[in-house]
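Tertiary structure, described
One letter stands for each residue in the lines below.
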Amino acid sequence: MAKIGEQELKQQIKAGLFSNAYLIYGEEGYLKEHYVNELKKKIVEPAFEDFNFHSYNGKDTSLNEILKDAEMLPMMSSYNFVLVCDYPIDKSASEIDALKEFLNDVPDTTVLVFWYDSLAFDSKKNAKMKAVDNAFAKAGSSVVLDKRTEGELVKLLVSGCKKRGAVLSADNARYLISVSGTDIKTLLNETEKLSSYVNGGEVTKDIINRLAVKCLQARVYDLSKAIIKGDYEKAYSVLDTLFVMKEEPVSVLAVISNCYVDMYRVKCAKIAGQPVEDVGHYYNYKGREFALRNAMRDCANLSVEQLRKSLDVLMEADNILKSTGMDKKLVLEETMVKLLLISKEVSYD
């Protein structure tokens, strides 16, 4: 077997040619859950689910208990399906050795799935995870389901609206992504809602503005845009909305910082005569290409020096929020004032 991607996994499920062991991880939560459910749906016969389906939270279960069920023969079915969510690879060296030993000889009637949902799995930075990744790839299939590119998300949204009898242009699909974020589950919910609203018509930018749920990143982008334009009234209005929504100040500051980092990267690339696409590839903006387009537009009226000063202000605010007991709302408000003054080239010292 091998390390495979979404298309190969989809083909396995469609053809009913299953691996005896799957390791499923990556950045895209919706896809991981979707394919785990598809495997279960195709493998487990509902009438015998009590006998042939075993599900565990890996954090609360010993490996011995998991492997004991994985050794069982199925009843009136082709496979015994064992699903383990978020098993901590760092639990103990002996358990990892036992898992690798089991994977060397998985029963032909077993499908063992290790699925990483909320627990991070990074085989590039963790030696133990890399060893487990290789063991699953050798015994069955190691599947990485990372975030889709913006182009892939656009096709998904346009197709989703079409299936529901509505029309969504590629440009408006990109705009919806910039408003609601890149989470597939959220985007599909928005597609369902907007298609139902237009009832066979077109999902326009105006309709998206009125009905689509804005993610934190989009709301903070509105704040950053107001700051860059020196629009005090708009900036305070957006910040007050974020406070009313009880958004965590550290998270808000992180997104503002990301907006300024995006602009700084694009500005430096432009000065160096490099295309913005290079920034996207080098810093991995997969699925977030819209952020670079926004940055390219917004940084036009800011100098490199202004951007550097702004980043210094944001770093100082981050340190204050994380290391002192100062009122977090006040810290954000003061930071916004400093950024507004920098955008207007006014010294606040």
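Our subject is the structure that appears above.
Below, the structure is looked at part by part. (Residues numbered from 1 in each chain as written. Predicted model: local features only at pLDDT ≥ 70, side-chain atom pairs only at ≥ 80, totals over all residues. Heavy atoms only, no water.)

This brings us to the pairing of strand β5 (residues 110-115). With respect to burial, β5 is a largely interior element, 6 of its 6 residues being buried. A two-sided burial pattern is seen for β5, the buried positions comprising Thr110, Leu112 and Phe114 on one face and Val111, Val113 and Trp115 on the other. Of the pairings in the sheet, the one linking strand β2 (residues 21-25) to β5 comprises 4 bridges and is parallel in character. By the bridge assignment, Tyr22 is partnered in β5 with Val113. Of the strand pairs in this sheet, strand β4 (residues 80-85) and β5 are connected by 6 bridges, and their pairing is parallel. Across the sheet, residue Leu83 finds its bridge partner in β5, namely Val113. Read from β4 through helix α5 (residues 93-103) to β5, the crossover connection turns out right-handed. (Buried < 20%, exposed > 50% of the residue type's maximum accessible area, 1.4 Å probe, protein only. Helix = DSSP H or I, 4+ residues; strand = E, 2+ residues; numbered from the N terminus. Pairing = 2+ DSSP bridges. Right-handed = clockwise from strand over helix to strand, strands pointing away.)

The next thing to look at is the sheet that holds strand β1 (residues 2-4). Read across the sheet, 6 strands follow the order β1-β6-β2-β5-β4-β3 without closing on themselves; strand pairing throughout is parallel. The sheet terminates laterally at β1 and β3 (53-57), the two strands that pair on one side only. Across the sheet, the mean angle from the axis of one strand to that of its neighbour is 15°, orientation sign disregarded. As paired elements, β1 and strand β6 (residues 141-144) share 3 bridges and run parallel to each other. (Axes fitted to C-alpha atoms, helices over the stretch in contact; angles between N-to-C directions.)

In this section: the pattern of salt bridges. For the structure shown, the criterion picks out 16 salt bridges. One salt bridge in this structure joins Glu49 and Lys40, with 3.2 Å as the shortest N-O distance. A salt bridge links Arg174 to Asp171, with the nearest nitrogen and oxygen atoms 3.0 Å apart. A residue pair is termed a helical-turn pair when its members lie 3 or 4 positions apart in one helix, as Arg174 and Asp171 do in helix α8 (residues 170-180) at 3 residues. For Arg174, a relative accessible area of 30% translates into the label partly exposed. Using a relative accessible area of 57% as the deciding quantity, one classes Asp171 as exposed. (Salt bridge = Lys/Arg side-chain N within 4 Å of Asp/Glu carboxyl O.)

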